[in-house]
Amino acid sequence: MKKLSLIFMIMVLSGYLVSAQERTITGTVTAADGSEPLPGVSILVKGTQNGTQTDFDGNYSISVNDSDILLFSYIGFKTIEMSVGGQTTINISMEEDLARLDEVVLVGYGSLAKKAVTSSVASVAVEDFNKGNINSPQQLLQGKVSGLNIARPGGDPNGEFSIRLRGISTLGANTSPLVVIDGLVGGSLQSVDPNDIASIDVLKDGGAAAIYGTRGSSGVILITTKKGSANRSELSYSTYASIETRARSLEVADAAMFSALPNVTSSNIYGSDTDWLKEISRVAFGNVHNLSASGGNATSSYRASLNYRNIQGIQKSTGFEQLNGRISLQQRALNDKLSLNAVVAATSREEDRGFNDAFRYATIYNPTAPIRNEDGTYFQTGGFDTFNPVAIIEQNSNDRTRENIVGGLKLDYDLFKGLKLGAYYGLQIENSLTTEKYGKTSLWRGLARNGLVRKTNTKDKTQQTDFTINYQTDIKDLGINVLLGSSYQQFDSEGSFISAGNFVSDNILDNFELSGDVTNGLASITSYKRKSKLLSFFTRIDLDYDDTYFLSAALRPEGHDRFGENNKWGTFGSVSAGLNLTNIFDNLGPFDYLKFRASWGLTGNIPDLSLIAPSQATVGASGNAFNDGSFVTAFAPASNPNPDLKWEEKTEWNFGFDFTLFEGKLSGNVDYYTRTTSDLLRYQSVPVPPNLFPTTLKNVGEISNSGLELALEYRAKFNEEFTWTPGINLATFKNELKALDREDRQRIGSLGSPGLGAATPILVEPGRSLGDIYVPLFNGVNPDGTWNVSTDEDEFVVVGNGLPDFTLNFVNTFNYKNWDLNFLLRGVFGHSLVNANRAFYEQPNVAPTYNVLASSNRAELQGLTVNESRLSSLQVEKADFVNLDNITLGYNFPGLSEETTIKSLRLYLTGQNLFIITGYEGVDPEVRYTDTGQVDNGGFLTQTPDPLAPGIDRRATWFTTRTFTFGLNIDF
């Protein structure tokens with residue numbers, strides 16, 4: 001916290017630094033025909049951070065020297081350079097640049113003009129973000145970038161997103177892209193509100209990501225937050241209200257159908273007609289408020305924002321309440337040689353997490369049963385793995401409190417023309433407390449322990465210190481940009497877990513003190529504290545010859561203390577090149593602009609930072625006991641030594657084209673990539689003895705990926721009042737498990753009890769694709785009423801794969817006068833899902849213990865009389881889908897300008913998840929990129945999500961939701 005205080009002090013002191021300027025010039029910026037003023041045009045003194053923006057009428061003023069050069073830049077227009085000289089007024093007409101070649105994109109520790117980028121980088125600006133009920137940064141990008149898949153099955157508002165860029169590149173913990181927020185590497189997405197994000201750049205290939213070395217194998221997402229504007233003050237308020245309903249759920253037998261099932265007798269019919277799904281669900285409401293203020297002068301600017309979110313979930317007693325605040329300051333001093341950028345953000349979030357299993361038990365609970373007995377207690381039918389779903393959500397609670405604090409301070413000093421020194425310090429603190437409470441009379445998890453409380457507390461701190469030297473110069477037609485730097489990160493983490501029961505009363509349970517469980521050895525108390533360090537040195541050179549030939553090369557040696565003694569350091573890097581073919585050839589047919597890119601990159605991956613010491617022998621707590629009035633913890637080996645543990649390494653080639661056609665109206669890019677990751681990090685079983693612990697983190701194998709990506713955008717302008725901008729992006733995916741520590745085939749992903757513990761549908765075998773679903777064929781029903789499904793593994797077949805073959809997204813934006821309409825159709829194709837609900841409950845004979853799916857009367861099952869669950873090709877379904885993810889209609893009120901109190905006002909209506917086209921019969925056809933396993937009869941999930949077992953639709957999936965949002969944006 002002392003460092004945070006230092007950040008605040010520097011920000012306050014920086015406000016008193018004032019630089020001397022010679023004089024002020026003014027001007028107006030318009031479109032090329034001179035008829036339309038351009039608001040928000042960026043005007044920057046070249047080589048400095050001194051800048052401003054035009055107001056709503058296209059006017060600006062800026063302090064300059066006679067020798068200065070002004071850069072005028074605006075999205076969709078060509079950048080203009082203008083020497084000041086002795087002028088006092090400079091008016092500019094900007095020409096539209098449909099290819100957007102002068103746009104600046106982030107490339108890691110710096111930026112480049114789009115025309116000079118030689119690797120695969122995608123940029124999404126604020127105006128292109130998804131709209132509506134958006135409560136996390138991931139949702140802004142869904143469907144927007146080819147090759148970037150973002151999935152969250154079901155409608156849990158507290159659920160985690162799976163993010164995959166170009167498929168799977170590791171089997172370890174870091175399967176999602178690295179997130180960098182305003183320079184903080186590994187920044188938490190919880191620390192930034194979607195309304196505070198200005199742009200997102202995605203480094204897709206190894207050539208772009210290699211500058212981040214060991215943390216870039218799964219790609220990199222660079223988030224830039226909004227800043228204040230010089231010489232322009234603005235107060236903005238936005239709000240929206242949302243209403244969310246259940247979209248898709250499983251169809252189950254009602255009371256009448258259940259009562260007619262063959263195994264149901266009068267003793268199993270209780271006289272009620274209960275819709276259990278309705279009883280645990282609700283119409284969910286949400287409201288969001290965002291207030292921001294920004295402004296500045298010629299030497300300083302600021303922006304402060306406050307964001308409040310209150311979002312309900314469709315399961316009763318679920319949702320979250322979140323408050324986020326962010327302050328950013330920019331200050332220039334010492335004749336604009338010194339620039340300071342500081343940011344402080346804090347987030348507090350209270351989550352009611354609910355219970356996924358409530359949906360599962362609502363699906364299978366007896367529909368003739370009442371909710372409560374006559375005495376008011378909850379009705380319970382009894383039997384293995386069946387619980388009253390209303391009792392689950394009303395008798396128990398599952399809450400989490402999350403707090404996040406981020407601070408960043410960046411100093412840049414122009415030592416002389418072209419040479420800039422930089423320093424950055426970043427701090428991120430994340431605290432989380434999860435509390436589960438199960439009362440003494442709780443039918444689910446509580447009765448067995450006479451009440452139960454589980455508390456999980458984690459505290460994580462990341463500190464980052466960077467130093468950089470950047471030199472830019474031009475030698476005739478050759479532009480040179482050289483970057484040198486170092487980065488040091490320290491990760492501190494501690495936490496504890498406490499589980500206890502046997503409470504005297506539920507009042508004690510609420511206040512939670514250790515109970516009688518301690519004396520009988522049933523209480524569990526564990527804790528940990530760990531630290532790791534990462535040290536890097538990096539360099540990159542970018543060359544631009546005559547805007548025609550481009551070359552970039554990067555190198556990053558990196559050391560990490562979590563690896564074995566023999567492999568602490570690794571070296572990573574990239575080389576990429578580009579050719580502007582338009583400047584080389586006189587005639588390229590229909591192409592207005594065509595650039596070829598090629599890149600090679602070597603990146604790495606580090607172990608899960610939650611591991612204590614993955615390459616060393618350690619001991620840990622193995623149990624608790626109460627002995628002679630004292631609490632005693634026993635210790636045992638917790639990990640094995642592995643001095644040869646080393647970095648994962650991913651090698652990637654990328655070949656691409658950027659192009660425009662039809663006078664720039666059609667623009668796009670196409671990329672082909674192939675990548676290989678070797679020395680995969682994964683825990684493997686080892687014999688004891690000679691080992692002290694049954695698993696060891698090892699370098700175990702190799703996987704390869706390849707794919708083709710295409711992005712197109714067309715800008716049709718019918719007249720001055722009507723425009724249409726359609727866009728598509730396509731990505732294909734292919735992978736192969738080249739090698740694994742075990743060369744024999746393995747089957748994983750047990751479906752669990754009752755009856756399907758041995759059903760393991762995911763095949764893992766070198767030489768095959770990851771995610772193959774390997775099950776026996778369903779051949780109907782035998783004459784004796786049994787399943788005609790083989791138990792001989794030699795007769796099993798691969799009937800699908802849990803990972804998609806390709807994605808296809810279609811984006812449309814229409815503008816007519818003051819109206820705008822945009823929508824996103826998101827399509828995912830080629831993947832299959834194991835429908836676990838069908839495997840367990842799609843047969844009439846599981847009743848009366850469990851209710852059945854309405855589809856249990858399907859023709860294929862006629863004649864089935866044996867009460868036995870079987871997994872076969874019958875329950876593996878193609879899960880291709882096309883979803884109307886988002887559609888927004890907006891209206892911008894006319895007649896508002898800089899002179900009015902209200903400068904802009906917009907109303908909009910958004911619908912999300914309005915329809916889905918799919919043949920999948922389960923709740924949600926969304927891809928399951930990992931598997932968390934299955935629990936039964938009140939158990940707890942203990943499995944770490946496994947990327948080796950995609951494609952299993954578990955029984956406890958949240959149902960999908962449909963949302964309507966009405967919103968308002970207003971600027972003063």
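Structure first, text after, so check above.
The numbering scheme is per chain: residues are counted from 1 as the chain's sequence reads. Local features in a predicted model are, by the rule used here, given only for residues with pLDDT of at least 70; side-chain atom pairs are given and counted only at 80 or more, and totals for whole chains, interfaces and linings are based on all residues. Only hydrogens and water are set aside; all other atoms, that is, all heavy atoms of the structure, feed into the side-chain values.

J.: Got a sec to walk through the overall build of the protein chain? Specific residues and values, please.
T.: The helix and strand labels rest on DSSP assignments: H or I over at least four residues marks a helix, E over at least two residues marks a strand, and numbering proceeds from the N terminus. Summing up its helical and strand segments, the protein chain has ten helices and 54 strands in all. In terms of overall dimensions, the protein chain is globule-like: its C-alpha atoms have a radius of gyration of 30 Å, near the 30 Å expected for 972 residues. With respect to the three principal axes, the spread of C-alpha positions in the protein chain is 100 × 65 × 60 Å. The burial tally for the protein chain puts 53% of its 972 residues in the buried class. Any two residues whose heavy atoms approach within 4.5 Å are treated as being in contact. When contacts within the protein chain are restricted to residue pairs at least 6 apart in sequence, those whose partners lie at least 24 apart make up 71%. Taken as a whole, the protein chain presents about 39800 Å² of accessible surface, with 55% of it coming from carbon and sulfur. Averaging the coordinates of the 82 positive side-chain charges in the protein chain and doing the same for the 108 negative ones gives two points 3 Å apart. Atoms considered for the radius of gyration are the C-alpha atoms alone. The globule rule reads 2.2 Å times the number of residues to the power 0.38. Residue exposure (1.4 Å probe, protein chains only): buried if accessible area is under 20% of the type maximum, exposed if over 50%, otherwise partly exposed. In these tables, accessible area is a Shrake-Rupley quantity obtained with a 1.4 Å probe, and a residue counts as shielded only by the protein chains included in the view. For the purpose of counting charges, residues Lys and Arg are taken to be positive, whereas Asp and Glu are taken to be negative. His and the chain ends are not included. A charged residue contributes its charge at one atom only: NZ of Lys, CZ of Arg, CG of Asp or CD of Glu.

J.: Describe the packing of aromatic side chains, listing the residues and the values that go with them.
T.: The rule is short: rings of Phe, Tyr and Trp, with Trp giving its six-membered ring, pair when the centres are within 6.5 Å, and they are stacked under 30 degrees, edge-to-face over 60, tilted in between. Scanning the model with the defined rule gives 29 aromatic pairs in all. Seen from their ring centres, Tyr270 and Phe379 are 4.8 Å apart, and the 65 degrees between their planes marks the pair as edge-to-face. Of the two residues, Tyr270 sits in the loop between helix H4 (255–259) and helix H5 (276–280) while Phe379 sits in the loop between helix H6 (357–364) and helix H7 (389–395), which places them 109 residues apart along the sequence. Ring plane angle 20 degrees and centroid distance 4.8 Å describe the contact between Phe718 and Phe722, whose orientation is recorded as stacked. Given a relative accessible area of 28%, Phe722 falls into the partly exposed group. Joined through ring pairs, the aromatic side chains of Phe355, Tyr438, Trp444 and Phe940 make up one cluster.

J.: Give a description of a negative patch on the surface that names residues and reports values.
T.: The patch calculation keeps residues exceeding 30% relative accessible area without a salt bridge and links them within 9 Å when they carry like charges or within 5 Å when they are nonpolar (Val, Leu, Ile, Met, Phe, Trp, Tyr). Any Lys or Arg side-chain nitrogen located within 4 Å of an Asp or Glu carboxyl oxygen qualifies as a salt bridge. Together, Glu321, Glu350, Asp352, Asp399 and Glu403 give the surface a local cluster of negative charge. Counting only elements with at least two residues in the negative patch, the list comes to strand E21 (338–352) and strand E22 (396–416). With respect to the helices and strands, the residue Asp399 is situated in strand E22.

J.: Help me get a handle on the pairing of strand E19 (residues 300–312), residues and values and all.
T.: Strands are labelled as partners when DSSP assigns at least two bridges between them. Pairing of strand E18 (residues 284–296) with E19, which is carried by eleven bridges, proceeds in the antiparallel orientation. Opposite Ser294, over in E19, you have Arg303 as the bridge partner. Connecting the antiparallel pair E18 and E19 is a turn made up of three residues. Two strands pair when backbone bridges link them, and E19 and strand E20 (residues 319–333) are joined in this way by 13 bridges, in the antiparallel orientation. By the bridge assignment, Ile311 is partnered in E20 with Phe320. In this antiparallel pair of consecutive strands, E19 and E20, the connection spans six residues, and Ser317 shows a positive phi of 65 degrees.

J.: Quick rundown of the environment of Gly967? Include the residues and the values.
T.: Within the secondary structure layout, Gly967 lies in strand E54 (residues 960–971). For Gly967 and Ile917, which are 50 residues apart along the polypeptide, the C-alpha to C-alpha distance reads 28 Å. Residues within four places of Gly967 in sequence aside, it is in contact with Thr239, Tyr240, Arg906, Leu907 and Tyr908.

J.: Tell me about H6, residues and numbers included.
T.: When you tally the buried positions in H6, you get eight out of eight residues, the bulk of the element. Among the structural elements, H5, H7 and helix H10 (836–841) are those in contact with the buried residues of H6.

J.: Before we move on, can you summarise empty space enclosed by the protein with the specific residues and values?
T.: Summary: where empty space remains is shown by rolling a probe the size of a single water molecule over the atoms. A cavity here means a set of points on a 1 Å grid, drawn over the protein atoms and nothing else, where a 1.4 Å probe fits but cannot get out; a pocket is an open set with protein on both sides within 12 Å along at least five of seven lines, and a residue lines either one if it has an atom within 4 Å of a point. Grid points are joined across faces, edges and corners, and a volume is the space filled by probe spheres set on the points. Going through the model one piece at a time under the given rule, you end up with five cavities of 30 Å³ or more. For the largest cavity, the calculated volume is near 90 Å³. Lining the largest cavity are 13 residues, and of these Leu148, Asn149, Ile150, Arg826 and Val828 lie nearest its centre. Contributions of two or more residues to the lining of the largest cavity are made by strand E11 (148–151), strand E46 (806–816) and strand E47 (819–829). The biggest single contributor to the lining of the largest cavity is E11, with four residues. Throughout, the ten residues Ala, Val, Leu, Ile, Met, Phe, Trp, Tyr, Cys and Pro are labelled nonpolar, Asp, Glu, Lys and Arg are labelled charged, and all others, Gly among them, are labelled polar. Class assignment of the residues belonging to the lining of the largest cavity gives a composition of six nonpolar, five polar and two charged. Lining the second largest cavity, in full, are Ile181, Asp182, Leu184, Gly187, Ser191, Arg326, Val343, Val406, Gly407, Gly408, Tyr424 and Gln428. Where the lining of the second largest cavity is concerned, the elements lending two or more residues are E22 and strand E23 (419–438). Of the residues forming the lining of the second largest cavity, the biggest block, three residues, is contributed by E22. Residues belonging to the lining of the second largest cavity are distributed by class as follows: five nonpolar, five polar and two charged.

J.: Lay out the side chain of Arg349 in plain terms, naming residues and giving numbers.
T.: Following the sequence through the fold, Arg349 ends up in strand E21. By relative accessible area, which is 9% here, Arg349 ends up buried. Under this definition, polar contacts are N or O atom pairs within 3.5 Å; protein pairs additionally need one hydrogen-donor-capable and one acceptor-capable atom, and for neighbouring residues in sequence, both atoms have to be side-chain atoms. Of note is the side chain of Arg349, whose polar atom sits 2.7 Å from the side chain of Glu351. Once residues lying within four places of it in the same chain are set aside, the contact partners of Arg349 are Pro157, Asn158, Gln190, Phe320, Glu321, Gln322, Arg400, Thr401 and Arg402.

J.: Would you mind going over the pattern of salt bridges in detail, with residue names and values included?
T.: Considering all chains together, one arrives at 48 salt bridges under this definition. For Arg303, the salt bridge goes to Asp196, with nearest N and O atoms at 3.0 Å. With Arg303 in strand E19 and Asp196 in the loop between strand E14 (184–185) and strand E15 (197–203), the pair connects residues that are 107 residues apart, well separated along the chain. A cluster of three or more residues bridged by salt bridges with shared partners is formed by Glu160, Arg349, Glu351, Arg353, Arg400 and Arg402.

J.: Let's hear about the sheet that holds strand E2 (residues 42–45): which residues, and what values?
T.: Spatial strand order, E3-E2-E5-E6: four strands in an open sheet with antiparallel pairing. The open sheet has two free edges, formed respectively by strand E3 (51–53) and strand E6 (77–83), since each of these has just one partner strand. With strand direction ignored, the average angle separating the axes of adjacent strands in the sheet is 15 degrees. In this structure, E2 lies alongside E3, joined through three bridges in antiparallel fashion. Axis definition: a line fitted to C-alpha atoms, limited for helices to the stretch in contact. Angles are taken between N-to-C directions and run from 0 to 180 degrees.

J.: Now, about the side chain of Ser328: what can you tell me, with residues and values included?
T.: For Ser328, the location among the structural elements is in strand E20. When its relative accessible area of 2% is taken as the criterion, Ser328 is described as buried. When near neighbours in sequence (up to four residues on either side) are disregarded, Ser328 contacts Lys226, Lys227, Ser301, Tyr302, Arg303, Ala342 and Val343.

J.: Describe unusual backbone geometry, and please don't skip the residues or the numbers.
T.: Each neighbour pair has its own omega, and for Val688 with Pro689 the value is -15 degrees, a cis peptide bond. The residue Pro689 is located in the loop between strand E34 (681–685) and strand E35 (695–699) in this model. Note that the residue after Ser753, namely Pro754, is joined by a cis bond; omega there is 0 degrees. Its identity is not glycine, yet Ser317 carries a phi of approximately 65 degrees, on the positive side. Here Asn335, not a glycine, exhibits a phi torsion of approximately 55 degrees, which is positive. Along the chain, the position of Asn335 falls in the loop between E20 and E21.

J.: Quick rundown of the nonpolar core? Include the residues and the values.
T.: Core analysis: the largest hydrophobic core is formed by 51 residues, its most contacted members being Trp276, Ile280, Ile392, Trp444, Leu751, Leu756 and Leu871. For this core, the elements supplying multiple residues, two or more each, are H5, H6, H7, strand E42 (772–776) and H10. Setting aside anything within four residues of it in sequence, one finds Leu751 in contact with Leu756, Ala759, Pro761, Val834, Ala839, Phe840, Leu871, Gln934, Ile952, Arg954 and Arg955. Definition used in this section: a nonpolar core is a set of buried Ala, Val, Leu, Ile, Met, Phe, Trp, Tyr and Cys residues joined via side-chain atoms within 4.5 Å. Grouped together as the second largest cluster of nonpolar side chains are 21 residues, Ile134, Val145, Ile163 and Ile200 included.

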